[in-house]
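Fold and geometry: a report
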Amino acid sequence: MNTTKDFSFSNISLKDICVYDAKLKGDEFVGIKHENGHFRVQFPLGYRAAINENEIRKDILNLISVLSTFSDNEDSYILNDAQKAQSKAFPIHAYMFLIKDFLQNGYYSERETVYSHVPSGKINWSRTIKQVKPQLVEGSSVYLEFVTRKTNHNENALISQIHKTLVFESFLKIGWLFSSFVPQKGTLKFNANMFSSVIKSKISQTFEEKKLILFKNMLAIIDYMNSSSEEKSFYYGTEHFEGVWERLVDTVFGESDKEKFYPKCHWIIEGKDEANFGNDIYKKYSLRPDTIMIMDRGKDSQKIFVLDSKYYKYGISKRDFDLPGTGSIVKQIAYAEFIEGKPDSLPGDMKNVLNEKEIYNAFILPGRLEDSGKKLDYFGYSCADFKNKTEKAYHKIYGFIIDMKLLMYQHQPKDKKLIADLAYKICSI
């Protein structure tokens, strides 16, 4: 475990440890790194940098929240095999919980209930009746002495000392996210077996949900500390932020029943019954559009938008070769053609009002829109030379940049205002 001399996070400048657009240099990682005694926070492509420490701190905490919400479990940490072997998955939420709980409630202390024959304190009538002999006064039984109850807080209990050690460890790792406050270092030397045994014993005797949550987070930290030596680095993040980007866009713009819009392909095997055509055994994987956005669903004015979220560099680099390629363009056309040609596969409220002229395609790329009042930026469209781009609206795939920071802070499901804004821009081009 680290010693006090290593405890230097209070000197960290948040501005100095933040990295933006690392993907432009080939570094795919997004999240928090601690390597060789140095912290680094890497934001996703297009993220606008904050100008002061308080805003940067909010950005870091929001980054953790987005990664936690939208990362697949298997993609939540660095996926490089060598780094995986070096570092157990860092339980950042357990560390954050202990820090927040400490700042709100202080160190954990055991409460002991002491009963005594003293005149002050809360009277325990059950014990008084059993233990104290009443006096007869004018024909009535009267208690002149009482058993009273008093609660003492034992701050020297072993569990309290374990908590103090783990709080220090938590601030040591990520305390700089919250403040430059330095907590007291616990006197108890880390002992994984003993710490775990004490806390598991407490869990078996505890029925208070608040305490159980605290103890379970303490166990997660002990498990991590036991698996990590001083030399090992820790990480929280992903090298596959494109999956996070897709889920962000789908959450804000998308319909929940988009599987109805998946075109499928099949093999008909010579000599086998074609009646099995629809069975999964002959069915190949579906093409899956990232997001299906719908305006005026079920109405005569219904509009369908097939959106493909691309975590590409173009929004920052402005280089043509950072744009979606032919494969992506052809797939978008195929999605739209499937919607037009197979209305019976669509949800019931949509197929009866399907209008082939109201099916649209768009790519959504991340970027940095410096104008704080601007959420979307149209930059052009793509098309295929084997399709007449004026014949169908969806033969043009429109390109839009959405401000990365805005989407990460405002990832509310079905953002009607943003949906209406994007739909209006597409239809008015």
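Scroll up to find the structure.
Below, the structure is looked at part by part. (Residues numbered from 1 in each chain as written. Predicted model: local features only at pLDDT ≥ 70, side-chain atom pairs only at ≥ 80, totals over all residues. Heavy atoms only, no water.)

Observations concerning the overall build of the chain
The condition is simple: The way it works is that DSSP assigns letters per residue, a run of H or I at least four long becomes a helix, a run of E at least two long becomes a strand, and they are numbered from the N terminus. Any pair of residues with heavy atoms lying within 4.5 Å of one another is described as a contacting pair. Only the protein chains shown count as covering a residue, and every accessible area follows the Shrake-Rupley method with a 1.4 Å probe.
The helix and strand tally for the chain stands at 14 helices and 14 strands. Sequence-distant contacts, at least 24 apart, represent 75% of the contacts inside the chain between residues at least 6 apart. Accessible surface computed for the chain: about 22,800 Å², of which carbon and sulfur atoms make up 48%.

So, the nonpolar core
Grouped burial of nonpolar side chains is what soluble globular proteins tend to show. Worth spelling out the cut-off: Buried residues of nine kinds, namely Ala, Val, Leu, Ile, Met, Phe, Trp, Tyr and Cys, make up a nonpolar core once their side-chain atoms join them within 4.5 Å. Type-normalised accessible area, obtained with a 1.4 Å probe on protein chains alone, sets the label of each residue: buried when under 20%, exposed when over 50%, and partly exposed for intermediate values.
Judged by nonpolar contacts, the single largest core of 78 residues is most densely connected at Ile60, Trp245 and Phe253. With eight residues, the top contributor of residues to this core is helix H8 (residues 209–227). Setting aside residues up to four positions removed in sequence, Trp245 forms contacts with Ser309, Lys310, Tyr311, Ile364, Leu365, Pro366, Ile402, Met404 and Leu407. One finds Ile294, Ile304, Ile339 and Ile359 within the second-largest nonpolar core, a separate group that totals 19 residues.

Here we look at the side chain of Lys23
Of note, Lys23 is situated in the loop between strand S1 (18–19) and strand S2 (30–35). Looking at Lys23, the relative accessible area reads 14%, which means it is buried. If sequence neighbours within four positions are ignored, Lys23 has contacts with Glu28, Leu45, Tyr311 and Lys313.

Re a nonpolar patch on the surface
Where we set the bar: Put simply, a patch holds well-exposed residues, over 30% relative accessible area, that have no salt bridge, with like charges counted together within 9 Å and Val, Leu, Ile, Met, Phe, Trp or Tyr side chains within 5 Å. Any Lys or Arg side-chain nitrogen found within 4 Å of a carboxyl oxygen on Asp or Glu counts as a salt bridge.
A cluster of nonpolar side chains, namely Tyr378, Tyr381 and Ile429, defines an oily patch on the protein surface of about 260 Å² accessible area. Structurally, Tyr378 can be placed in strand S13 (residues 376–382).

Here's the deal with the packing of aromatic side chains
Two numbers describe a pair of aromatic rings. These are the distance of the centres and the angle of the planes. Selection rule: We call Phe, Tyr and Trp rings a pair once their centres come within 6.5 Å, taking the six-membered ring for Trp, and we label the pair stacked below 30 degrees between planes, edge-to-face above 60, and tilted otherwise. Note on geometry: a ring has a charge over it if NZ (lysine) or CZ (arginine) is within 6 Å of the ring centre and within 35 degrees of the ring normal.
For the structure shown, the criterion picks out 16 aromatic pairs. On the numbers, 4.9 Å between centres and 40 degrees between planes, the contact of Tyr314 with Phe379 is tilted. Taken together, the positions of Tyr314 in helix H10 (residues 314–317) and Phe379 in strand S13 put the pair 65 residues apart, joining distant regions of the chain. Classification of Phe379 as partly exposed rests on a relative accessible area of 26%. By way of ring pairs, the aromatic residues Tyr378, Tyr381, Tyr398 and Phe400 are connected into one cluster. Directly above the aromatic system of Tyr107 lies the positively charged group of Lys164, at a separation of 4.9 Å from the ring centroid. Looking at Lys396, its charged tip hangs above the ring of Tyr381, at a distance of 4.6 Å from the centre.

Thoughts on the environment of Ile213
In this structure, Ile213 sits in helix H8. Classification of Ile213 by relative accessible area gives partly exposed; the value is 36%. Sequence-wise, Ile213 and Ile203 are 10 residues apart; in three dimensions their C-alpha atoms are separated by 9.4 Å.

A few points about the packing of helix H2 (residues 53–70) against helix H4 (residues 92–105)
We apply this condition: With axes taken as lines fitted to C-alpha atoms, and helix axes fitted only over the stretch in contact, angles between N-to-C directions fall between 0 and 180 degrees. For classification, angles of less than 35 degrees are called roughly parallel, those exceeding 145 degrees roughly antiparallel, those between 65 and 115 degrees roughly perpendicular, and all remaining angles oblique. In this scheme, a crossing is called left-handed if the near helix is turned counterclockwise away from the far one by less than a right angle; it is called right-handed if the turn is clockwise.
Look at H2 against H4: their axes get within 12 Å of each other, and the N-to-C directions meet at 135 degrees. Considering the angle they form, H2 stands oblique to H4. Considering the relative orientation of H2 and H4, their crossing is left-handed. Where H2 approaches H4, its residues Leu61, Ile64 and Ser68 are matched on the opposing element by Ile92, His93 and Met96.

Looking at the pairing of strand S14 (residues 397–403)
Selection rule: The criterion for strand pairing is that DSSP finds at least two bridges linking the strands in question.
Taken across its seven residues, S14 has seven buried, putting it largely inside the fold. Residue alternation in S14 divides its side chains into two sets, Ile397, Gly399, Ile401 and Asp403 and Tyr398, Phe400 and Ile402, and both sets are buried. Where strand S12 (residues 359–367) lies against S14, seven bridges are found, and the strand directions are parallel. Residue pairing for S14: Pro366 is matched across the bridge by Ile402. Here six bridges tie S13 to S14, and the two strands are oriented antiparallel to one another. Looking at the pairing, Leu376 lines up with Ile402 of S14.

Comments concerning the packing of H4 against H8
To keep it simple, the criterion reads: Residue classes follow a fixed rule: Ala, Val, Leu, Ile, Met, Phe, Trp, Tyr, Cys and Pro count as nonpolar, while Asp, Glu, Lys and Arg count as charged, and any other residue, Gly among them, counts as polar.
Interhelical geometry of H4 versus H8 gives an angle of 130 degrees and a closest axis separation of 9 Å. Here H4 is positioned oblique relative to H8, judged by the angle of their axes. Where H4 crosses over H8, the handedness of that crossing is left-handed. Contacts between H4 and H8 involve His93, Ala94, Tyr95, Phe97, Leu98, Asp101 and Asn105 from the first element and Lys210, Ile213, Leu214, Asn217, Met218, Ala220, Ile221, Tyr224 and Met225 from the second. Residues that form the contact of H4 with H8 fall into these classes: 11 nonpolar, three polar and two charged.

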